[in-house]
Amino acid sequence: MVNKVKKIAVMTSGGDAPGMNAAVRAVIRTALNNDIEVKGITRGYEGLLHGEIKDMTSSHVSEVIFRGGTFLLTARSKEMMTPEGQERAGQICKSLGIDALIIIGGDGSLAGGLKLSKMGINVIGIPGTIDLDLDCSDYTIGFDTAVNTAMEAISKIKDTSSSHERCSIVEVMGRDAGDIALWCAITGGAEEVLIPESGESDVNSIINIILENRTKGKKHNLIVVAEGRGGSIEMAQEIEKITGIQTRATILGHLQRGGSPTALDRMHASVMGYKAIEAILNGEENRIVVYRDGKHITVDLEEGLNYKREYDPQMYNIIKAISI
Ligand code: F6P
């Protein structure tokens, strides 16, 4: 079969995620092995709009599988959010003569890709975000590393906090999604978790849990709060004021986005990068590579972005059941 695909471009966009490098590596190596020329776009849409585009060779991606962040750099482009910016980005893609643009990023980045696809650019998305909030995929690159980093930090906070018989509030990332918080709560042995998807729990119910636990002899409590719920510092002050129990809040912040990717992230990223090129070679257009029911497949870009998963309270219920 004659390979009609001659040239592609790849970029990382939005918040960086550990494993993005592994995905770019898989994209570049699979493409080059199929005689496809690869352009690397730096700084996501910002770089695209400002001509920061260079030829990629296999050696550009040697050793990158071990590294966190993204060697292609990334940005949140304000210009790409405007119709004028999108139009210009579309024109630039056309002038590059690429057969496909591979975008590794979260929902915002892939929504930008959808705009480009409407202008005739073949866009293939790869889910890359620590938040696990691209609902069409059961996995997004970076999640496992972020959870492991946060879990390790929580274990350390627990050491000092239980030594002082304090209450700890730990705020983890997750703007609209509570997955990092739920996983951290289970793996960190939390008494309570606050996530944006559910209105369950407030300061008063947390105070009741802490006081009840004290009567049972439990001297230390851990509450995990997702960034999307926020307010951990004020919550700590309130708990201390009402209960008299010393309470400290820690916001883990960007610490969670860094670090060498775990095996799981390297694995998903490598397979997704490979699958993106496979889809292009198969003549697929405007798709997202997703992980669903244990398999890596592709789904329609627009349908994938519109897909919303329903909140399942099971994990929350498990946290409550095993915290007593
Ligand atoms: O990439 C996802 C994420 O880390 C969210 O959890 C967080 O709300 C946001 O990015 C932070 O973005 P920035 O690094 O631009 O402040």
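Provided above is the structure to which this section pertains.
As a starting point, this report considers the structure included with it.

Rules used throughout
Residues numbered from 1 in each chain as written. Predicted model: local features only at pLDDT ≥ 70, side-chain atom pairs only at ≥ 80, totals over all residues. Heavy atoms only, no water. Core = buried A, V, L, I, M, F, W, Y, C linked by side-chain atoms within 4.5 Å. Buried < 20%, exposed > 50% of the residue type's maximum accessible area, 1.4 Å probe, protein only. Contact = heavy atoms within 4.5 Å. Helix = DSSP H or I, 4+ residues; strand = E, 2+ residues; numbered from the N terminus. Expected span 1.5 Å × (residues − 1). Phe/Tyr/Trp six-rings, centres within 6.5 Å; stacked < 30°, edge-to-face > 60°. Pairing = 2+ DSSP bridges. Axes fitted to C-alpha atoms, helices over the stretch in contact; angles between N-to-C directions.

Here we look at the nonpolar core
For step 1, the next point in the chain: Grouped together as the largest cluster of nonpolar side chains are 57 residues, with contacts concentrated most on I8, V10, I102, I126, V172, V193 and V224.
For step 2, the next point in the chain: In this view, I126 contacts V27, I102, I103, I104, G105, L110, I141, M272, G273, A276 and V289; residues no more than four positions away in its chain are not counted.

Focus on helix 4 (residues 107–118)
For step 1, the next point in the chain: Taking 1.5 Å per residue as the helical rise, helix 4 with its 12 residues ought to reach 16 Å, and the 17 Å between its terminal C-alpha atoms agrees with that figure.
For step 2, the next point in the chain: Listed in full, the buried residues belonging to helix 4 are S109, L110, G112, G113, L114, L116 and S117.
For step 3, the next point in the chain: Looking at the buried positions of helix 4, the neighbouring elements they touch are helix 2 (44–49), helix 3 (83–96), strand 4 (100–105), strand 5 (123–127), strand 10 (287–292) and helix 10 (301–306).

Things to note about the packing of aromatic side chains
For step 1, the next point in the chain: Counted under the stated rule, the structure contains 2 aromatic pairs.
For step 2, the next point in the chain: Summarising the aromatic geometry, the rings of Y139 and F143 are spaced 6.3 Å apart at their centres and angled 80 degrees between planes, so their arrangement reads as edge-to-face. Judged on exposure class, the residue Y139 and its partner F143 are both buried.
For step 3, the next point in the chain: Ring centres of F143 and W183 lie 5.3 Å apart, and the angle between their planes is 85 degrees; this geometry places the pair in the edge-to-face category. With a gap of 40 residues between them, F143 in helix 5 (residues 143–163) and W183 in helix 6 (residues 179–188) connect regions that are remote in the sequence.
For step 4, the next point in the chain: Given a relative accessible area of 36%, W183 falls into the partly exposed group.

Regarding the side chain of R257
For step 1, the next point in the chain: For R257, the location among the structural elements is in the loop between strand 9 (247–251) and helix 9 (263–281).
For step 2, the next point in the chain: When sequence neighbours within four positions are dropped, the list of residues in contact with R257 reads G15, D16, P18, R76, I130 and M173.

What about the sheet that holds strand 3 (residues 53–55)?
For step 1, the next point in the chain: In space, the 7 strands of this open sheet follow the order 3-2-1-4-5-10-11, with mixed pairing throughout. Of all the strands in the sheet, the pair left with one neighbour each is strand 3 and strand 11 (295–300). The average undirected angle you get between the axes of adjacent strands in this sheet is 25 degrees.
For step 2, the next point in the chain: Sheet topology places strand 4 next to strand 5; 5 bridges connect them, and they run parallel. Pairing of I102 across the sheet is with I124, part of strand 5.

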